[in-house]
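In case you want the letters, here they are:
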Amino acid sequence: MQLIPCPWCGPREEAEFRYGGQAHVAYPEDPSALSDEEWARYVFFRENPSGPFAERWSHSAGCRRWFNAVRDTRTHELLAVYRAGEPAPEVTA
């Protein structure tokens, strides 16, 4: 089992966490002004890189807080973990 380091609780088993999708995706300022195509792009279209990728995670069985992690999508290795609202750290895989 993989250990995920929660920024508040420390390392915990991955079963305690829930994946929340791509990090740093801003909610539209005026969603009612978007066309159906623009709204669909916001809701459904996300990056799918091979390598480092910033993701949102929730410690659902612990402190229940959201945080971000940079994970290598090829190896699943967590390269960095940081609190929501902080900028993504520079990482190299």
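No experiment lies behind these values; they were computed from the predicted model shown.

Looking at the overall build of the protein
Within the protein, the regular secondary structure consists of 1 helix and 6 strands. Along the first, second and third principal axes, the C-alpha atoms of the protein reach 45 × 30 × 20 Å. Out of the 93 residues belonging to the protein, those deemed buried represent 26%. Across the protein, contacts joining residues at least 24 apart in sequence account for 42% of those joining residues at least 6 apart. Side-chain charges in the protein split into 10 positive and 14 negative, and the spacing between the mean points of these groups amounts to 7 Å.

Thoughts on the side chain of Ser-58
Turning to its location among the elements, Ser-58 is positioned in strand 4 (residues 52–58). Residue classification places Ser-58 among the buried residues on the basis of a relative accessible area of 9%. Once residues within four sequence positions are removed from consideration, Ser-58 is found in contact with Glu-16, Phe-17, Arg-18, Arg-64, Arg-65 and Trp-66.

Examining the packing of aromatic side chains
Taken as a whole and assessed by the stated rule, the structure comprises 5 aromatic pairs. Relative to Tyr-42, the ring of Tyr-27 lies with its centre 5.7 Å away and its plane at 90°, an arrangement referred to as edge-to-face. Linking Tyr-27 in the loop between strand 3 (18–22) and helix 1 (36–44) with Tyr-42 in helix 1, this pair joins segments that are 15 residues apart in sequence. Here Tyr-27 falls in the exposed class, since its relative accessible area comes to 53%.

Section: the nonpolar core
Ile-4, Cys-6, Phe-17, Trp-57, Phe-67, Ala-69 and Leu-78 together form the largest nonpolar core, which totals 7 residues. The contact partners of Ala-69, leaving out residues within four places of it in the chain, are Phe-53, Ala-54, Glu-55, Trp-57, Leu-78, Ala-80, Val-81 and Tyr-82. The next biggest cluster of nonpolar side chains, apart from the first, holds 5 residues, and it includes Ala-23, Ala-54, Ala-80 and Tyr-82.

Notes on the environment of Phe-45
Structurally, the position occupied by Phe-45 is in the loop between helix 1 and strand 4. In this structure Phe-45 comes out as partly exposed when scored by relative accessible area, which is 49%. Along the chain, Phe-45 and Ser-32 lie 13 residues apart, while their C-alpha atoms are 18 Å from each other.

About the criteria used
- Residues numbered from 1 in each chain as written.
- Predicted model: local features only at pLDDT ≥ 70, side-chain atom pairs only at ≥ 80, totals over all residues.
- Heavy atoms only, no water.
- Helix = DSSP H or I, 4+ residues; strand = E, 2+ residues; numbered from the N terminus.
- Buried < 20%, exposed > 50% of the residue type's maximum accessible area, 1.4 Å probe, protein only.
- Contact = heavy atoms within 4.5 Å.
- Lys, Arg positive; Asp, Glu negative; His and termini not counted.
- Charge placed at Lys NZ, Arg CZ, Asp CG, Glu CD.
- Phe/Tyr/Trp six-rings, centres within 6.5 Å; stacked < 30°, edge-to-face > 60°.
- Core = buried A, V, L, I, M, F, W, Y, C linked by side-chain atoms within 4.5 Å.

Just geometry here; none of it tells us what the structure is for.
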